[in-house]
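# Residue-level structure breakdown
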Amino acid sequence: MKETVTLNIGSEAFTLDKDASRLLRSYLNDIRSRLPEDEAETIDDIETRIAEIFRERITSPMRVITIETVRATMKQLGAPSDFGERRDNAADESTTIDPEAAAPQPAPRKLYRSRSERSIAGVCGGLAAYFDADPTMIRLLMLLMILFGGLSIWAYFILWIVIPEEPQRKFSFNDKKR
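A brief structural summary.

Looking now at the overall build of the chain. Of regular secondary structure, the chain possesses six helices and two strands. Scanning the chain from its N terminus toward the C terminus, one meets helices and strands in the order β-β-α-α-α-α-α-α. Within the span of the chain, comprising 178 residues, buried residues form 29% of the whole. Long-range contacts, defined as pairs at least 24 residues apart, comprise 56% of the intrachain contacts of the chain with a sequence gap of at least 6. For the chain, the accessible surface area stands at approximately 12,700 Å², while carbon and sulfur atoms represent 55% of it.

Of the pairings in the sheet, the one linking strand 1 (residues 4-9) to strand 2 (residues 12-17) comprises six bridges and is antiparallel in character. Counted as the bridge partner of Val-5 is Leu-16 from strand 2.

What follows concerns helix 3 (residues 67-77). Taken together, the buried positions of helix 3 are Ile-67, Thr-69, Val-70, Arg-71, Thr-73 and Met-74. Tucked into the core, helix 3 has its buried residues touching strand 2, helix 1 (18-34) and helix 2 (40-57). After helix 3 finishes, the residue Gly-78 shows a positive phi value of roughly 110°.

A few words on helix 4 (residues 123-131). Listed as buried for helix 4 are Val-123, Cys-124, Gly-125, Gly-126, Leu-127 and Ala-128. Of the surrounding secondary structure, the elements contacted by the buried residues of helix 4 are helix 5 (135-147) and helix 6 (153-162). Of the residues trailing helix 4, Asp-132 is marked for its positive phi of about 55°.

This next bit is on a negative patch on the surface. A cluster of like negative charges, contributed by Glu-37, Asp-38, Glu-39, Glu-41, Asp-44 and Asp-45, occupies part of the molecular surface. Tracing the sequence through the fold places Asp-45 in helix 2.

Here we take up the packing of helix 1 against helix 3. As a packed pair, helix 1 and helix 3 sit with axes 8 Å apart at the nearest point and diverge in direction by 20°. When the axis of helix 1 is compared with that of helix 3, the two are roughly parallel. Regarding helix 1 and helix 3, the two cross each other, and that crossing is right-handed. Along its contact with helix 1, which presents Asp-19, Ala-20, Leu-23, Leu-24 and Tyr-27, the element helix 3 presents Ile-67, Val-70, Arg-71, Met-74 and Leu-77. Here the contact of helix 1 with helix 3 is built from residues that sort into eight nonpolar, no polar and two charged.

If you trace the backbone, Thr-73 turns up in helix 3. Not counting chain neighbours up to four residues away, the residues in contact with Thr-73 comprise Ile-50, Ile-53, Phe-54 and Arg-57.

So, on to a nonpolar patch on the surface. On the surface, a nonpolar cluster with roughly 890 Å² of combined accessible area is contributed by Ile-120, Ile-153, Trp-154, Phe-157, Ile-158, Trp-160, Ile-161 and Val-162. Inspection of the secondary structure puts Trp-154 in helix 6.

Counting 21 residues, the largest nonpolar core has Ile-9, Leu-16, Leu-24, Phe-54 and Val-70 as its most contacted members. Residue contacts for Leu-24: discarding those within four places in its chain leaves Ile-9, Leu-16, Ile-50, Phe-54 and Val-70. Counting nine residues, the second-largest nonpolar core is a separate cluster that includes Cys-124, Ala-128, Met-142 and Ile-163.

Attention now moves to the pattern of salt bridges. What the rule picks out here adds up to nine salt bridges. Between Arg-32 and Glu-47 there is a salt bridge, with the nearest N and O atoms lying 3.9 Å from each other. Of this pair, Arg-32 sits in helix 1 while Glu-47 is found in helix 2, placing the two residues 15 residues apart along the sequence. A relative accessible area of 34% means that Arg-32 is categorised as partly exposed. Judged by its relative accessible area of 17%, Glu-47 is buried. Of the charged contacts, one joins Arg-49 and Glu-56 as a salt bridge, the two residues approaching to 3.9 Å between their closest N and O atoms.

Criteria and cut-off values
Residues numbered from 1 in each chain as written. Predicted model: local features only at pLDDT ≥ 70, side-chain atom pairs only at ≥ 80, totals over all residues. Heavy atoms only, no water. Helix = DSSP H or I, 4+ residues; strand = E, 2+ residues; numbered from the N terminus. Buried < 20%, exposed > 50% of the residue type's maximum accessible area, 1.4 Å probe, protein only. Contact = heavy atoms within 4.5 Å. Areas by Shrake-Rupley, 256 points an atom, 1.4 Å probe, with all protein chains shown as cover. Pairing = 2+ DSSP bridges. Patch = residues over 30% accessible without salt bridge, like charges linked within 9 Å, V, L, I, M, F, W, Y side chains within 5 Å. Salt bridge = Lys/Arg side-chain N within 4 Å of Asp/Glu carboxyl O. Lys, Arg positive; Asp, Glu negative; His and termini not counted. Charge placed at Lys NZ, Arg CZ, Asp CG, Glu CD. Axes fitted to C-alpha atoms, helices over the stretch in contact; angles between N-to-C directions. Parallel < 35°, antiparallel > 145°, perpendicular 65-115°, else oblique. Left-handed = near helix turned anticlockwise from the far one by under 90°. Nonpolar A, V, L, I, M, F, W, Y, C, P; charged D, E, K, R; others polar. Core = buried A, V, L, I, M, F, W, Y, C linked by side-chain atoms within 4.5 Å.

What follows is the structure, given as structure tokens:
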């Protein structure tokens, strides 16, 4: 299951999967970095053309635009280098967007003791979050292993000491839910 986002492209709302959204944003940012700063109208025209292409390729407004659709659209519009040289000379050619090489890299997973899913110390909640499992099932499994000799209670205490606590999230009224 992939996470989706709704974007307003060329004054129309489209639903894209998260990878497609990232790729499209980096493509548009790369084009924006190559155009003069006072060329906002050109970016609007490009976004309008992208919206037209998406409408041609998507049969139903309920369908999600995938990364393959974005790559095909980028291929149809052309490479960002077709729009000119970058304004800032500090950027090298390795930052140019290549649709085939722009596969998103997943963020590395880290094991933490949970702050929200905790009964004693958050060890089982943290293990559940790391393995994308139900915390109750992890707790039952841990209890059965302790009771029937597969794991000693000392192992739980060691995990409690060794696994760092999940970083506290900073709350702000201006933050958008992601």
